[in-house]
There are 2 protein chains.
Amino acid sequence: MFPYKTSLEINRNNNRPIYLQLANQFITLIKERKLPPDTKLPGSRTLADLLKVHRKTIVACYDELLLQGWVESIAKKGTYVHRNLPELHQNDFLDTNADTTPNSTGFSFYKHPVLDDQPLSNDNKFMTINDGISDERLTPVHELARTYRRIANGKNSFQYLSYGSTYGNEKLRSVLVDYLNKTRGLKISKERLLITRGSQMGIYLAAQLLLRADDNIIVGTTNYSTADITFQHQDVNLLRVPVDENGLETTTVETICKKKKIKAIYVTSHHHHPTTVTLSAERRIHLLNLARKYNFAIIEDDYDYDFNYNHAPILPLSSHDLNANVIYIGSVCKTVAPVFRVGYLIASKDFVDEAARLRRIVDRQGDALLELTFAEFIQTGDLDRHIRKVLKIYEARRDLFCRLLREELSEFFTFQVPKGGMAVWVQLNQKYSWEQVSVAAKKQQLAIGNWQRYDRANAGHNAIRIGFATYNETEIVALIGKLKKTLFHIKSRTI
Amino acid sequence: MFPYKTSLEINRNNNRPIYLQLANQFITLIKERKLPPDTKLPGSRTLADLLKVHRKTIVACYDELLLQGWVESIAKKGTYVHRNLPELHQNDFLDTNADTTPNSTGFSFYKHPVLDDQPLSNDNKFMTINDGISDERLTPVHELARTYRRIANGKNSFQYLSYGSTYGNEKLRSVLVDYLNKTRGLKISKERLLITRGSQMGIYLAAQLLLRADDNIIVGTTNYSTADITFQHQDVNLLRVPVDENGLETTTVETICKKKKIKAIYVTSHHHHPTTVTLSAERRIHLLNLARKYNFAIIEDDYDYDFNYNHAPILPLSSHDLNANVIYIGSVCKTVAPVFRVGYLIASKDFVDEAARLRRIVDRQGDALLELTFAEFIQTGDLDRHIRKVLKIYEARRDLFCRLLREELSEFFTFQVPKGGMAVWVQLNQKYSWEQVSVAAKKQQLAIGNWQRYDRANAGHNAIRIGFATYNETEIVALIGKLKKTLFHIKSRTI
């Protein structure tokens, strides 16, 4: 007889019932052909005695195997391993407790070379330069979590727990429409707004609906790298136009439009990513006129609308658009915290409807409890109060960072003080390279981050964004100190 | 002079500062050419007197217009509407307070005919038949919200608020790996698991990586309609194989493989969607062998693993897969509640890495606070306790529903009592149609839902899924009553 006693192991500390532990071990023995088809299994009483378990346990185990189709019961003869079970052709079964699955698939799939990893530095001892993100320590997380819990505990909360609208929670849609109409000079109704997870999902949905292989899309010579990647993933032609101190050069856009069919243009009109400049009023109107004349879409990513230090926020292109050329994208990720993935896409109704249909297969729906939390956060004025509070803090941080950069490092860096946003566009003296800086900075436990992403067009501007908003005063001083040590070290070795 | 006094409106109850209210109205006047280029604006003192505001307000307003580039300041002459502003070519400006944007875009975009709306019934008075979803009233939402808040309030919570890993929160990944290895007979390590929003995102990512136009994918003659749609959105050939009482007919799969290159097969092996049958052990092995031989992917959607009434859950195909052919997809959406969009995709490392890169542009990352909440929910055993509790309730509901269906409606319906899951596959007597039922049911305030989705292959099986888990005993009795009245009404008119 097969050595059942040594082959079957019972763990009484395991949560799983013993009959199931045994059944699963039987399945492995059957799969591995240690118990080949047509093998007669011992009677339940015999096996029970052998394993010192109750007979009912073995009966339950055999029933389970029967139900799953691993064994068959032949009247008056007993239980047999199923005759028709094919042999499982697998790799070695030598070590069945380890994960012996190969690292690569047993099938082919499409890898797109443009997708990249953008790994996050996990080394906490390192200070990592970012492209302008909020300081998570300023997040009103206690207030938001309290509201979340109160909403979840509400006696009507159950209606929000099941499947909901792909467009997003209706209350948040209404509240956001009011808020955006008031703050952004928009005049939209609810059916023109789709709630997304964050700006990135808005860019992705727009790219999917607008772009197919070999379509033309215009972006800046410098551009937000993840937007580049999202468009290039559609195998488009990315046509680049220069960016100067007034933003994207719209005369170049016009020249291109005269020659080629353009599907879309991507703009960060408020503060161009990465250079932080604002698109001038003249160019705004020019761009809207071109979009109307040549029937292309303007994807307006208003990622840091709320952050202006020298003047009021500039109304988005979308607020001047009466021809439905603009797809307006925003989120609370920069304003509140990246973890709260609540964003929106605004366009004409037909586009929003198709984006919702697509979203249905991408991600079904959002998180109604979180969406309701943000509806309340906006409605009570807490969002406005939060913005006013952090705006002052970030302005002071910008001023300190720019002052120290100028005072301590002007022989290495040139930059303009940004009028808004959370980052400075810092150009390195052409004598040096960011690659050098990146290597040398490690000694200071400073990570320059993915500096390559800022020049995907190989324009050679030798600049990166340095986010200042994440750091408090002490940290800004420390960051400048690390940069200074790094740069002077490079300089001393270069001479 | 231009009638500034009647054209500019000041609302002192508005939250926006007056200088900004005025500036935005100026912008509208300039855009509409009511104030054409080169128009001299009144001096700040004159306008201040006219509007009865402080002169500083007008100075601030003009500064704002200057900064945004709408006006220019000419030394010793005054403030002029910018000379170079192009005219904005837009539709009528007649009613600038209403949303006059057309309902269709000013550009072309790709609509895919396969995407559909799947609108949810919003009429609360109606009882709507679903395809098997949990009862939201049984959700442990208080416990989850309490945990969420505690995690958010934790002194280390700030690290979770900023950008995080696209793979999902590391703690949840670890906890899920342990949990799935223990409950599903898997032997995976963390790098083989990607956290997704829910099963649907897993299906979407897999479809994107596996399928391009004209690729072949196999599904059942009856199949989960959203999976069909997700694949057809990639313009694939959907090849259908019959489904019988043992699940997908794998001999037909083999016949197809001999003739055509197959990229993938989609299976709901545990309880076939929609028919609820379980794939037999023999066919499981056959399918794995075919996948190995013909190098195709098995997308295993284990959407209701936890719900078995007559026996223990059957281990997924993934647990027998040592060749990395299986992409295993699951979520907590069916087990806990759809609003909590936490799911996973398990495959070999190279596939998971590419899925993460793709997810990076689709949706950046998940919600770390929610992911940590679920990590704790699983780790403390609360998930297991929840499953044990609802399993008993759903079993009783299944038994009641099936008994009443048999006793009261057997002349109209045939069905098998499902061994697990949350729905019964109910065949209507061929004398009648679901269209008839759907129309007649309205009188009973009963919505049959999207019954067409169950026969996308036009197989004429005349069956739909009726979810029973959502309803308590009283509601099940009411549902049966509504069905009975509807069917007997149809019968009386048919005779």
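Parameters and conventions
Residues numbered from 1 in each chain as written. Chains lettered and ligands numbered in written order. Predicted model: local features only at pLDDT ≥ 70, side-chain atom pairs only at ≥ 80, totals over all residues. Helix = DSSP H or I, 4+ residues; strand = E, 2+ residues; numbered from the N terminus. Contact = placed C-beta atoms within 7 Å. Buried ≥ 20, exposed ≤ 12 C-beta atoms within 10 Å, placed from the backbone. Pairing = 2+ DSSP bridges. Core = buried A, V, L, I, M, F, W, Y, C linked by C-beta atoms within 7 Å. Nonpolar A, V, L, I, M, F, W, Y, C, P; charged D, E, K, R; others polar. Least-squares fit on C-alpha atoms with pLDDT ≥ 70 in both. pLDDT = per-residue confidence, 0-100. Axes fitted to C-alpha atoms, helices over the stretch in contact; angles between N-to-C directions. Domains from an automatic or database assignment.

Another point: the overall build of chain A. Helix and strand content of chain A: 15 helices and 16 strands. With respect to the three principal axes, the spread of C-alpha positions in chain A is 95 × 60 × 50 Å. Pairs at least 24 apart in sequence give 72% of the contacts found in chain A among residues at least 6 apart.

All names here are of chain B. Residues A264 and Y266 point to one face of strand 9 (residues 264-267) and I265 and V267 to the other, with burial holding for every one of them. As judged from the 2 bridges shared by strand 5 (residues 216-220) and strand 9, these two strands associate in the parallel manner. Pairing of I218 across the sheet is with I265, part of strand 9. Note: strand 9 against strand 10 (residues 297-301), 4 bridges, orientation parallel. Its bridge partner lying in strand 10, I265 is registered against I298.

To continue, consider the sheet that holds strand 14 (residues 423-428) of chain B. Strands belonging to one sheet form pairs held by backbone hydrogen bonds; the direction of such a pair is parallel or antiparallel. All names here are of chain B. Pairing is antiparallel across the open sheet formed by 3 strands, whose spatial order is 13-14-16. Of all the strands in the sheet, just strand 13 (413-414) and strand 16 (463-467) have a single pairing partner and so form its edges. Bridge analysis of strand 13 against strand 14 gives 2 bridges, and the strand direction is antiparallel. Along strand 14, the bridge assignment pairs F413 with L428.

I327 and L345 of chain A together with I327 and L345 of chain B are the most contacted members of the largest nonpolar core, which totals 220 residues. Look past the residues within four positions of I327 of chain A in its chain and what remains in contact with it is A206, A297, I298, I299, E300, L345, A347 and F351 of chain A. In terms of nonpolar packing, the next biggest core, distinct from the first, is built from 30 residues, W425, A469, Y471 and L483 of chain B among them.

It is worth spelling out unusual backbone geometry at this point. Residue P274 of chain A is bonded to the preceding H273 of chain A through a cis peptide linkage, with omega at 10 degrees. Relative to the helices and strands, P274 of chain A is located in the loop between strand 9 (264-267) and helix 10 (281-294). Phi is positive for R364 of chain A, which is not a glycine, with a value near 60 degrees. Of note, Q445 of chain B is a non-glycine position whose phi angle comes to about 55 degrees, a positive value. With respect to the secondary-structure elements, Q445 of chain B resides in the loop between helix 14 (434-441) and strand 15 (446-447).

In this section: the pairing of strand 4 (residues 193-196) of chain B. Residues and elements named next belong to chain B. Here strand 4 shows a buried face lined by L193 and I195 and a second buried face lined by L194 and T196. With 4 bridges connecting them, strand 4 and strand 12 (residues 343-346) associate as antiparallel partners. Residue pairing in the sheet places L194 in a bridge with L345 of strand 12.

Here we come to the interface of chain B and chain A. As a measure of interface size, the accessible area lost when the parts come together is often cited. Listed per partner, the contact involves 113 residues of chain B and 112 residues of chain A. Secondary structure elements with two or more residues in the side of chain B that touches chain A: helix 2 (18-31), helix 4 (55-68), helix 5 (141-153), helix 7 (199-210), helix 8 (225-232), helix 10 (281-294), helix 11 (349-363) and helix 12 (368-379) of chain B. The element best represented in the side of chain B that touches chain A is helix 11 of chain B, accounting for 10 residues. Across the side of chain B that touches chain A, the residue classes tally to 50 nonpolar, 39 polar and 24 charged.

Residues and elements named next belong to chain B. Residue placement: E475 occurs in helix 15 (residues 473-494). What makes E475 partly exposed here is the crowd of 14 C-beta atoms within 10 Å. The spatial distance from the C-alpha of E475 to the C-alpha of A152 is 38 Å, given a sequence separation of 323 residues.

Turning to the relation of the copies chain B and chain A, a few remarks are in order. Between chain B and chain A, which share one sequence, the superposing operator has a rotation angle of 180 degrees and an axial displacement of 0.0 Å; the RMSD is 0.1 Å. One copy is carried onto the other by what is essentially a two-fold rotation axis. No C-alpha of chain B lies nearer the rotation axis than that of R149 of chain B, which sits 3.3 Å from it. Comparing interface residues between copies, 99% of those in chain B also lie at the interface in chain A; the contact surface is shared.

Bringing the confidence of the model for chain A into the picture now. Confidence in the prediction of chain A, expressed as mean pLDDT, is 92, and 96% of residues score 70 or more. For this predicted complex, the interface confidence reaches an ipTM of 0.92, while the overall pTM sits at 0.92.

Moving on: the sheet that holds strand 10 (residues 297-301) of chain A. Residue and element names in this part refer to chain A. Ordered by their spatial adjacency, 7 strands build an open sheet running 4-12-11-10-9-5-6, and the pairing between neighbours is mixed. Each edge of the sheet is formed by a strand with only one pairing partner; in this case those strands are strand 4 (193-196) and strand 6 (237-241). On average, adjacent strands in this sheet sit at an angle of 20 degrees to one another, irrespective of strand direction. Together, strand 5 (216-220), strand 6 and strand 9 form the strand contacts of helix 9 (residues 250-259), whose direction differs from that of strand 6 by roughly 140 degrees.

It is worth spelling out the domain arrangement of chain A at this point. Residue and element names in this part refer to chain A. Domain boundaries in chain A define domain 1 (4-81), domain 2 (127-133 + 385-494) and domain 3 (139-380). With 22 residues of domain 2 at the contact, the number on the domain 3 side is 20 residues. Elements with a contribution of two residues or more to the side of domain 2 that touches domain 3: helix 13 (382-409) and strand 14 (423-428). Among the elements that take part in the side of domain 2 that touches domain 3, helix 13 stands out by supplying 6 residues, more than any other. Considering only residue class, the side of domain 2 that touches domain 3 consists of 11 nonpolar, 4 polar and 7 charged.

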